[in-house]
Amino acid sequence: MNVQYFCFSVPYLYFLVKTSCQKNMEKKRHIKVAGVLFFVWTAVILYGSLSPGDDLPPMGWLARIPHFDKIVHFCFYLGQVLLLLLWLQPSRGNRIWVALCAIIFSGTIELLQGEYFDRSADWLDFAANSAGALAGIPLARLAERLIFKKDSGNETPPNNDN
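Residues numbered from 1 in each chain as written. Predicted model: local features only at pLDDT ≥ 70, side-chain atom pairs only at ≥ 80, totals over all residues. Heavy atoms only, no water.

1. Comments concerning the overall build of the protein chain
Each helix and strand counted, the protein chain has four helices and zero strands in total. Relative to its 162 residues, the protein chain shows a buried fraction of 30%. For the protein chain, the share of sequence-separated contacts (at least 6 apart) that also reach a separation of at least 24 residues comes to 80%. Here the protein chain displays about 11200 Å² of accessible surface, and carbon together with sulfur accounts for 66% of that area. (Helix = DSSP H or I, 4+ residues; strand = E, 2+ residues; numbered from the N terminus. Buried < 20%, exposed > 50% of the residue type's maximum accessible area, 1.4 Å probe, protein only. Contact = heavy atoms within 4.5 Å. Areas by Shrake-Rupley, 256 points an atom, 1.4 Å probe, with all protein chains shown as cover.)

2. Examining the packing of helix 2 (residues 68-88) against helix 4 (residues 123-147)
Viewed as axis vectors pointing N to C, helix 2 and helix 4 meet at an angle of 40°, and their least axial separation amounts to 6 Å. Judged on the interaxial angle alone, helix 4 and helix 2 are oblique. In terms of crossing hand, the pair formed by helix 2 and helix 4 is right-handed. Partitioned by chemical class, the residues of the contact of helix 2 with helix 4 number 17 nonpolar, four polar and four charged. (Axes fitted to C-alpha atoms, helices over the stretch in contact; angles between N-to-C directions. Parallel < 35°, antiparallel > 145°, perpendicular 65-115°, else oblique. Left-handed = near helix turned anticlockwise from the far one by under 90°. Nonpolar A, V, L, I, M, F, W, Y, C, P; charged D, E, K, R; others polar.)

3. Comments concerning the nonpolar core
Core analysis: the biggest nonpolar cluster contains 22 residues, and Val81, Leu85, Leu86 and Ala133 have the highest contact counts within it. Every element with two or more residues in this core is listed here: helix 1 (3-50), helix 2, helix 3 (95-116) and helix 4. With seven residues, the single largest contributor to this core is helix 2. With residues near it in sequence (within four places) discarded, Leu86 still touches Ile31, Ala34, Ala140, Ala143, Glu144, Ile147 and Phe148. (Core = buried A, V, L, I, M, F, W, Y, C linked by side-chain atoms within 4.5 Å.)

4. Notes on helix 3
For helix 3, which comprises 22 residues, the first-to-last C-alpha distance of 31 Å matches the rise-based estimate of 32 Å (1.5 Å per residue) to within 8%. Every buried residue belonging to helix 3 is among Arg95, Val98, Ala99, Ala102, Ile103, Ser106, Gly107, Ile109, Glu110 and Gln113, and all of these are buried. (Expected span 1.5 Å × (residues − 1).)

5. Structural notes on a nonpolar patch on the surface
Where nonpolar side chains cluster on the molecular surface, the patch consists of Ile96, Trp97, Leu100, Ile104 and Leu134 and spans about 490 Å² of accessible area. At four residues, the largest contribution of residues to the nonpolar patch is made by helix 3. Summarising the element assignment, Leu134 is placed in helix 4. Classification of Leu134 by relative accessible area gives partly exposed; the value is 41%. (Patch = residues over 30% accessible without salt bridge, like charges linked within 9 Å, V, L, I, M, F, W, Y side chains within 5 Å. Salt bridge = Lys/Arg side-chain N within 4 Å of Asp/Glu carboxyl O.)

6. Thoughts on the environment of Gly114
Here Gly114 lies in helix 3. Between the C-alpha atom of Gly114 and that of Leu50, which follows or precedes it by 64 residues, the distance is 9.9 Å. Discounting residues that sit within four places of it in the chain, Gly114 has contacts with Arg119 and Ala121.

7. Section: the environment of Cys75
In this structure, Cys75 sits in helix 2. Note on Cys75: relative accessible area 41%, which makes it partly exposed. For Cys75 and Gly132, which are 57 residues apart along the polypeptide, the C-alpha to C-alpha distance reads 6.0 Å.

8. A word on the packing of aromatic side chains
Summed over all chains, the structure comprises six aromatic pairs. Geometrically, the ring pair formed by Trp123 and Phe126 is edge-to-face, given 5.6 Å between the ring centres and 80° between the ring planes. Taken as a pair, Trp123 and Phe126 lie in helix 4 at a separation of three residues, close to a single helical turn. Taking the relative accessible area as the measure of exposure, Phe126 reaches 23% and is therefore partly exposed. Pairwise contacts between aromatic rings join Phe38, Phe39 and Trp87 into one cluster. (Phe/Tyr/Trp six-rings, centres within 6.5 Å; stacked < 30°, edge-to-face > 60°.)

The following block contains the structure:
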């Protein structure tokens, strides 16, 4: 075996393994953060949806925006599906099932509001929730591309021209 080839190959292999391990660790960290944020986000949704309206913070000038509550519903479920998809990393075909679970969750909350809590069930809220959940699918794909970029080949291995 050529000594020069060996001296170049070992650091190069080390570089490849090291950068690959660093990327995997970083991706795992991002996935864990998405999972924690998903549970916090879902708790906020539950609190906002099931607590009496008097317990919620006042909307102030935002109340003057027509259908602002529907915008909030849309954003809540868009965020929930986005975080859930970033956390679970399902295959492309299973993404719709994740959104469907969020839609079922939303419908269950609307039914509970009307039946057991001092809130009224609003099916327009359910429609906004569903639209937000479905909009979360392409947004999650875009976020994955930005957060978990594939190796672009721009990194250079260490130079061992001793």
